Structures are given as C-alpha cells and as structure tokens.
Amino acid sequence: MVRKAKSMFPVGLGFGLVLVSIGATALWVHRHFEPSHTATVQATNQSEDLAKRVTPEDVAGLKAEIERLKDGKTGFEQLSREMKSEMTALRSQLTQVERDQNLRSQEEGLAQPIADTEANAATLTPEEEQTRAEAQIQTQVALLEGTLLGEKPDSAWVNTAQLALSTTFHSETMAGVQLMKADCRTTLCRLELFLDGSTAPEDSFRKLGHASPWQGQGFVQIDVESGKAVVYLTREGYSLPQ
Amino acid sequence: MELPYEEPNSEWRNTFMKHYYLSTSLKMFVAAICLTAIGASQAHALDGKVYPGSMCVRWSGPTPNYNNSAIGNPGTTTLYVDCPAVHDSIASGINNGWVKGIDRHFSSPITCNLNSLYPSGTGLVGWWTSYKSTTGGSASSPVETLTFGSLGSASTAHYYYSCHIPPTYAGYTSYLMTYRVDENE
C-alpha cells in the first residue's frame with residue numbers, strides 16, 4: 001500500500017503541475033487582451049477629462065498659434081506671388097526687347113528678324129541670308145556708334161591711347177595700313193584706316209588683332225574697293241557692346 | 001490649487017502641424033523643380049562643341065606633328081595655326097570658349113585669340129577677342145586652359161581660334177590639345 005502510494009505521488013505531482021500551467025496560461029491570456037481594452041477606455045476617459053480641463057485661455061492660445069502659422073503660410077505665398085510677378089515682368093521685358101529688335105529691322109527694311117530659327121534659315125536663299133547678315137552688321141555698327149557717342153572722353157586715357165595707336169600704325173608691322181583718324185572716349189576707340197592695297201584684306205584683319213597697341217576686343221569693317229576700313233577697339237579689360 | 005499646464009488637444013495640433021509641414025515641403029519641392037527646369041532651359045540656350053587640336057590648320061611656320069589628335073610644333077620656330085569651329089546656330093554670336101594646351105617652352109607661350117569673320121559683298125567684316133597666353137614653360141608643365149568670353153558675329157560668319165604654338169625646347173614639344181566654342185542659341 002505504501003509502495004503504491006509512493007508510486008502515485010509523482011503522477012499526482014505531475015498532474016498538479018499541468019493544472020497549474022494551464023491556469024497560468026489562461027490568466028496570462030486574459031491579462032494580455034484585457035489591458036488593451038482597459039487602455040482604450042482609459043484613453044477615452046483621459047480625453048474626456050482633458051476636454052473638460054481645457055480652459056478658454058488654452059483655446060485662445062491655440063487660436064493665436066494657428067493664426068501665426070497661417071501668417072507664415074501667407075508670407076510664403078506672398079513671396080511666391082512676388083517671384084512669379086517678377087518672372088512675368090522679366091519675360092515681358094525680354095519679349096519687348098525682341099519685338100523692338102524685330103521692329104527696327106523691319107523699319108530699316110534690311111532683313112528678317114534676327115531671332116529666326118534654323119528651320120527658317122534653311123529656307124532662305126543665299127541673297128536673303130546675305131541681306132540678314134548685312135542687317136546684323138548694320139545693327140552692330142549702330143550699337144558701337146551709339147556707345148561711342150554716349151561716352152564722355154577720359155582725357156588721361158585718350159591721350160595715352162591715341163599716342164599708342166599712332167606709334168603702332170607707324171610701325172613696320174602695320175605697313176600698308178594708314179591711320180587716318182582716331183577717336184577714343186572712355187572704353188572705346190573708333191579708328192578710320194586706309195589700306196593702300198599692298199596687303200590683302202585678310203592679312204590686314206590678322207594684323208589688326210595681333211598688332212593692336214593694347215589687348216582689347218575689336219570689330220572691323222573693310223571696304224576693299226575704296227580701301228577704307230573702320231575699326232572699333234575696346235579699352236583693355238572691356239568688351240564690345242552686343 | 002493650480003493644475004499643471006497641459007498642451008490643449010495636442011493630438012489635433014500634431015496632426016495640423018504634420019499637414020502644414022507636408023504642405024510646405026510639397027510647395028518647396030515644386031518650387032525647386034520649377035527653378036531647376038528654368039536653370040536647365042537657360043543652360044540649353046548654349047550650343048557648345050569640343051574639337052581636337054588636330055583640326056587646327058597651319059598657315060605659317062614649320063610642319064606640325066599630331067599626337068593623340070593634339071597638334072604639336074616639332075620645329076625650331078613658332079607654328080601659326082587657325083582652328084575652325086562650326087557655326088550652326090542662327091542666332092549669331094559666341095557666348096564663350098576655351099583652348100587647352102601644354103606649353104613646354106621656357107619663355108614662349110601658346111597664344112590664342114578667337115575670331116569671327118564675314119566676307120561681305122564689298123570686303124571683310126570681323127570681330128576678334130584679345131589674345132590669351134599660357135604661363136607654363138617646363139617639361140612637366142600641366143595642361144593649361146585659355147578662356148574666352150563672348151564675341152559678336154553675323155549669321156553667316158565663320159569662327160576660328162588663331163593660335164601660336166612655340167617651338168620645341170630641350171627636345172620637348174608644345175601641343176594644342178583641344179578647343180571649344182559655345183554659341184548663343
């Protein structure tokens with residue numbers, strides 16, 4: 001009997017342990033799901049409590065903050081609008097410049113508008129192409145003349161520049177090219193030259209660029225028949241107006 | 001008794017702020033896209049091409065040599081070359097350009113200017129820039145870049161660099177390697 005009781009004890013203990021395990025699991029499962037529901041209820045209660053605790057000052061403060069944020073947004077939108085209007089103004093100015101340029105070309109009856117496309121160019125005859133190129137050159141000359149006449153002479157530079165020009169055109173390098181007249185202002189000189197025909201015009205062009213008394217940009221128009229040439233030479237460090 | 005301060009309805013506020021920041025970020029992103037597009041359209045207003053030095057043509061001086069499509073002067077006197085560039089933009093004028101070369105002469109530099117020439121009905125019309133020179137002068141001189149600004153032109157004028165390449169010095173040859181012209185479009 002004692003022996004039978006001894007053999008039953010581990011079985012009973014094992015059975016008890018299993019029961020305890022099942023109970024513990026059931027309790028864990030219950031707690032695992034129950035808290036979320038409890039938390040929801042608690043959160044709802046807290047929200048209701050919070051709503052009850054919100055004072056008029058808090059609401060006013062919140063409204064003021066919203067207004068401040070709206071103002072910031074309005075400022076950004078205003079800046080954006082200003083930028084858009086400036087871009088529109090710039091675009092219209094550009095259009096106006098192009099229109100003026102085209103109008104001038106048409107008034108002078110010299111050529112098509114300068115901003116033609118390549119497709120249009122392909123349809124031009126050689127004569128039309130030449131007419132357009134000549135018109136561009138006339139525009140360039142008018143721009144250079146206008147710039148020169150608009151400048152007041154810088155007497156210090158004028159004297160130095162004219163002396164340097166005189167020296168250069170009397171040198172051996174410029175043989176065949178005579179300086180007839182030089183008119184220097186502030187950033188630009190206009191030179192009238194005479195080519196005696198002993199030098200080819202293309203060689204004279206090369207000489208003008210290479211043997212200038214100072215390093216500036218230049219523009220030249222050579223008339224082979226008359227031997228006359230007009231040069232516009234910028235002061236060192238300046239560019240030709242375009 | 002005074003209660004401690006609590007953020008009123010902070011959940012709603014957070015949602016509002018989140019939407020506000022998202023909206024602002026979206027607008028800034030759109031603005032950035034627009035600015036990038038404008039910048040890209042500006043950049044496309046130029047038509048640039050790069051040419052090898054071997055396209056240069058001698059007009060005076062010794063016979064050149066060519067090495068990896070660069071043009072060099074193996075002679076004992078200065079080599080004068082013209083380096084043509086394609087004029088395919090109808091809107092006339094050059095926006096900018098450059099020439100790259102290796103100057104291995106101790107005292108005589110590589111010198112270039114940019115020209116535009118139009119044979120008119122009665123003569124010639126031309127534009128030119130000032131000359132630019134390298135500063136090198138030894139066997140180990142690096143590649144130097146001469147930069148040029150804008151230049152006027154006519155629609156059927158042609159473009160070219162006019163360059164001087166110094167003679168060899170102590171057995172070392174100077175080269176004009178590459179050049180570029182960016183036309184206005």
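The shown structure was predicted, so the numbers you read here are calculated from the model rather than taken from an experiment.

## Some remarks on the overall build of chain B
Looking only at helices and strands, one finds one helix and twelve strands in chain B. Taken across its 185 residues, chain B has 38% of its residues classed as buried. Residue pairs in contact within chain B that sit at least 24 positions apart in sequence constitute 74% of those at least 6 positions apart.

## Observations concerning the interface of chain A and chain B
Across the contact, 39 residues belong to chain A and 33 residues belong to chain B. Those elements that place two or more of their residues in the side of chain A that touches chain B are helix H1 (2–53), helix H2 (56–108), helix H3 (118–123), helix H4 (126–150), helix H6 (201–210) and strand S3 (218–223) of chain A. Here the side of chain A that touches chain B takes eight residues from H4(A), the largest share from any one element. Each residue belonging to the side of chain A that touches chain B can be placed in one class, and the counts come to 16 nonpolar, twelve polar and eleven charged.

## Considerations on the pairing of strand S12 (residues 174–184) of chain B
Residue and element names in this part refer to chain B. A large share of S12 lies buried, amounting to nine of its eleven residues. As judged from the seven bridges shared by strand S1 (residues 46–52) and S12, these two strands associate in the antiparallel manner. Within S12, the position partnered with Pro52 by the bridge is Thr178. By the bridge criterion, three bridges tie strand S4 (residues 70–73) to S12 in an arrangement that is antiparallel. Across the sheet, Ile71 pairs through a bridge with Leu176, a residue of S12. Where strand S6 (residues 94–102) and S12 come together, eight bridges link them in antiparallel fashion.

## A closer look at the nonpolar core
Counting 50 residues, the largest nonpolar core has A:Cys189, A:Val231, B:Val81, B:Tyr161, B:Cys163 and B:Leu176 as the members making the most contacts within it. Residues within four places of B:Leu176 in sequence aside, it is in contact with B:Gly53, B:Cys56, B:Ala70, B:Ile71, B:Val99, B:Gly101, B:Ile110, B:Cys163 and B:Ile165.

## Considering unusual backbone geometry
Residue and element names in this part refer to chain B. With phi around 65°, Ser69 is a residue other than glycine that occupies positive phi space. For Ser69, the location among the structural elements is in the loop between strand S3 (65–67) and S4. Phi angles above zero are rare outside glycine, and Ala170 is one such case at about 55°. Its place among the elements puts Ala170 in the loop between strand S11 (158–165) and S12.

## Focus: the confidence of the model for chain A
Residues and elements named next belong to chain A. Summarising the model, chain A shows a mean pLDDT of 76, and 57% of its residues fall at 70 or more. When pLDDT is averaged over each helix and strand of chain A, the minimum, 54, is found for H1 and the maximum, 97, for strand S4 (residues 228–234). Note that residues 1–7 has pLDDT below 50 and, in this model, zero contacts with residues that lie over four places away or in other chains.

## Let's talk about the pairing of strand S1 (residues 177–184) of chain A
Residue and element names in this part refer to chain A. With seven bridges joining them, S1 and strand S2 (residues 188–195) adopt antiparallel strand pairing. Note on S2: the bridge partner recorded for Cys184 is Cys189. In this structure, the hairpin formed by S1 and S2 is closed by a connection of three residues.

Definitions and limits used
Residues numbered from 1 in each chain as written. Chains lettered and ligands numbered in written order. Predicted model: local features only at pLDDT ≥ 70, side-chain atom pairs only at ≥ 80, totals over all residues. Helix = DSSP H or I, 4+ residues; strand = E, 2+ residues; numbered from the N terminus. Buried ≥ 20, exposed ≤ 12 C-beta atoms within 10 Å, placed from the backbone. Contact = placed C-beta atoms within 7 Å. Nonpolar A, V, L, I, M, F, W, Y, C, P; charged D, E, K, R; others polar. Pairing = 2+ DSSP bridges. Core = buried A, V, L, I, M, F, W, Y, C linked by C-beta atoms within 7 Å. pLDDT = per-residue confidence, 0-100.

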